[in-house]
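Given next are the chains, with one letter for each unit.
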Amino acid sequence: MTQLHPDPAPDFDQPVAVLKHCHGRIRKQLSTLEKLLTHLPLSQAETGGADQQARQAAQAVLKYFEKAAHLHHDDEEQDLIPMLRAVAQGEDAATLQALAPTILQDHKDMDAMWQDLHEQLTAIADGSGTQLSASTVQRFSQRYLSHMEREESTMAPMAVRLFSPEQMAQLGQAMRRRRNIEPSGSESAGANAATASACEPAAKAIGERVADLRKDYGQASLDENGVDADPILQFTRWFEEALKAEVNEPNAMSVATVGADGRPSSRIVLVKQFDARGFTWYTNYDSQKGRELAGKPFACLLFFWSELERQVRIEGTVEHTTAEESDKYFNSRPLKSRLSAIASEQSAPIASRAALEHNYEETARQYGEAPPRPSNWGGFRLVPERIEFWQGRRSRFHDRIVYTRQEDGSWTRQRLQP
C-alpha cells in the first residue's frame, strides 16, 4: 500500500514545479489512506487486528502528513499568496481575492480533519486499534483533491505568468529555508538534492528537532460547570481516574521550592496522603528541599498524567507533619527503605557509590530489624491556596479551571485562557 521509491523531486530553482511535486506526493498518501480503509476489515478478519501491512501503511501516512504536509501549507500562506497579492492586478487580483480565503479555510478544515485521523492512524500504527472513519477519510481526501486542483488550475499558472526570475528565486529560497535545505551554491547542495525530498524537511540536529515534536490532545474536556465545588474532591475524582487508567506512577509529583538566593529548584517525589488538610510527602529535613522550605515555607506541586492528557498545579504554604504522623509512615516503609533514610545524608556530597553502600551496611548492622525514625526525617504537608486543573485540548486550546482559597476557607473557581 506504500511506494518505497518516491519520484525524484525538482530543484528549488523551479518552485512551482516543487509545489506540484508535493501535490503528487500527497495524492499518493491519500491513495494509501483509501486502500488502508478497505484493507483493515480483511486484516481484522484474518488476524483479529491490524496486520504488518496495515501498520506500515498507517506509519507512512502519519509520517508524511505530520512531517511534510504542513510545509506545503506554509509555502502557500507565508510566501506564494503574499507574493501573488503584491503583483496581481485587474482580473488576476480579483481572482486571487476570491480564491485566497478559500485556500486558507481549506488548510484549517484539513488540519481539523487530520487530527481525527491522526488518533485513529496512531492506534493502527502501533497495533492497538483497527478503527478508521470512512466518512472522515473520504471528506479529507475529497477536500485535499479539490484544494490541489484549485491551486494547480489557478494559482500555479498565475505565478508562472506574473513572477519574474528574481521572484521565482525568492520563492524557491524561502521554500529551501523552511525545509532546512542548503542553497544550491553550497558544497552540500548536491548531497541535499540527492537525499532529501523537496516536500520534506532536511535532517536537523536533535536540539532543533525538538521544536517539531508535538502531540495534539483530544481525549476529554473540562467545564467550570461540570467540576466539583471542592477542589480536593475534584482532585480525588481525577486521581481515581488516573488509578483506573493505570497511568505510570499517578502519585508522582514535582515539588518546586525557592532558595535563599531566590533561585527555584524542583524534583519528583511521591505524594503519600491527601485530604482536606493538604498534600503530604516525606523526606529528609536536611535535604536541599528541606532547607529551602525551612527558609521559605512555600511550594508548588505539579501532577502530570500524560496518559489522560491532564495536569494539576497546586500552590500553597508548607508545614511539617506531626511526629506521630511521621513515625507512623516511617514504620510502614520496607526495612531497606528505612535503613536507606538513616544511611543517606540526602543532598550532601559523597566520594563514591562504594562509600554510600558502606554507610548502608554499617547502618544495617547497627539497627538490625527495627531502625528508629531519624529526628531529621519526616513529612511535609502543603496546605493549598490555589489549585489548577488542566485538560489538554486540540490545537493547544486547552481547558484550565483554577480554584482559589478565600480568607473564610471557601473556594472560588474560574476558567483561565490557555
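Note that the structure is a prediction, hence the values are computed from the model and not measured.

Enquirer: Hey, could you run me through the packing of aromatic side chains in this one?
Expert: The geometry of an aromatic ring pair is captured by two quantities: the separation of the ring centres and the angle between the planes. Enumeration over the complete set of coordinates arrives at 24 aromatic pairs. Centroid distance Y282 to W377: 5.8 Å. Interplanar angle 15°. Geometry classified as stacked. Linking Y282 in strand β4 (residues 278-284) with W377 in strand β7 (residues 377-391), this pair joins segments that are 95 residues apart in sequence. Each member of the pair, Y282 as well as W377, is classed as buried. Relative to W377, the ring of F330 has its centre 5.2 Å away and its plane inclined at 70°; by these criteria the two rings are edge-to-face. Here W377 lies in strand β7 and F330 lies in helix α11 (residues 323-332), a separation of 47 residues in the sequence. Given a relative accessible area of 0%, F330 falls into the buried group. With a relative accessible area of 5%, W377 lands in the buried category.

Enquirer: How do you make sense of the nonpolar core when you look at a structure like this?
Expert: Note that soluble globular proteins tend to have their nonpolar side chains buried in a common cluster. Counting 53 residues, the largest nonpolar core has F65, L121, L132, F140 and Y144 as the members making the most contacts within it. At the level of elements, α1 (15-47), α2 (52-67), α3 (69-87), α4 (90-125), α5 (134-162) and α6 (165-178) are the ones that each hand at least two residues to this core. With eleven residues, the top contributor of residues to this core is α4. Leave out the neighbours within four places in its chain, and L121 touches L33, L36, A58, V61, L62, W114 and L132. W281, Y285, F303 and Y403 belong to the second largest nonpolar core, which has 31 residues in total.

Enquirer: Would you take a moment to explain the packing of α3 against α5 for this structure?
Expert: Two numbers describe a pair of packed helices, the interaxial angle and the distance between the axes. At their nearest, the axes of α3 and α5 sit 11 Å apart, and the two run at 40° to each other. Of the possible angle classes, the one that applies to α3 and α5 is oblique. As for how α3 packs across α5, the hand of that crossing is left-handed. Across the interface between the two elements, A69, H72, H73, E76, L80, I81, L84 and V87 of α3 pack against Y144, H147, E151, M155, M158, A159 and L162 of α5. The class makeup of the residues in the contact of α3 with α5 is ten nonpolar, three polar and two charged.

Enquirer: Mind showing me how you'd approach the pairing of β7 here?
Expert: The side chains of a regular strand alternate, residue by residue, between the two faces of the sheet. When you tally the buried positions in β7, you get twelve out of 15 residues, the bulk of the element. Pairing between strand β6 (residues 310-320) and β7: eleven bridges, direction antiparallel. Within β7, the residue paired with T317 across the bridge is V383. Note that β7 and strand β8 (residues 399-405) share six bridges and pair antiparallel. By the bridge assignment, R386 is partnered in β8 with T404.

Rules and cut-offs
Residues numbered from 1 in each chain as written. Predicted model: local features only at pLDDT ≥ 70, side-chain atom pairs only at ≥ 80, totals over all residues. Heavy atoms only, no water. Phe/Tyr/Trp six-rings, centres within 6.5 Å; stacked < 30°, edge-to-face > 60°. Helix = DSSP H or I, 4+ residues; strand = E, 2+ residues; numbered from the N terminus. Buried < 20%, exposed > 50% of the residue type's maximum accessible area, 1.4 Å probe, protein only. Core = buried A, V, L, I, M, F, W, Y, C linked by side-chain atoms within 4.5 Å. Contact = heavy atoms within 4.5 Å. Axes fitted to C-alpha atoms, helices over the stretch in contact; angles between N-to-C directions. Parallel < 35°, antiparallel > 145°, perpendicular 65-115°, else oblique. Left-handed = near helix turned anticlockwise from the far one by under 90°. Nonpolar A, V, L, I, M, F, W, Y, C, P; charged D, E, K, R; others polar. Pairing = 2+ DSSP bridges.

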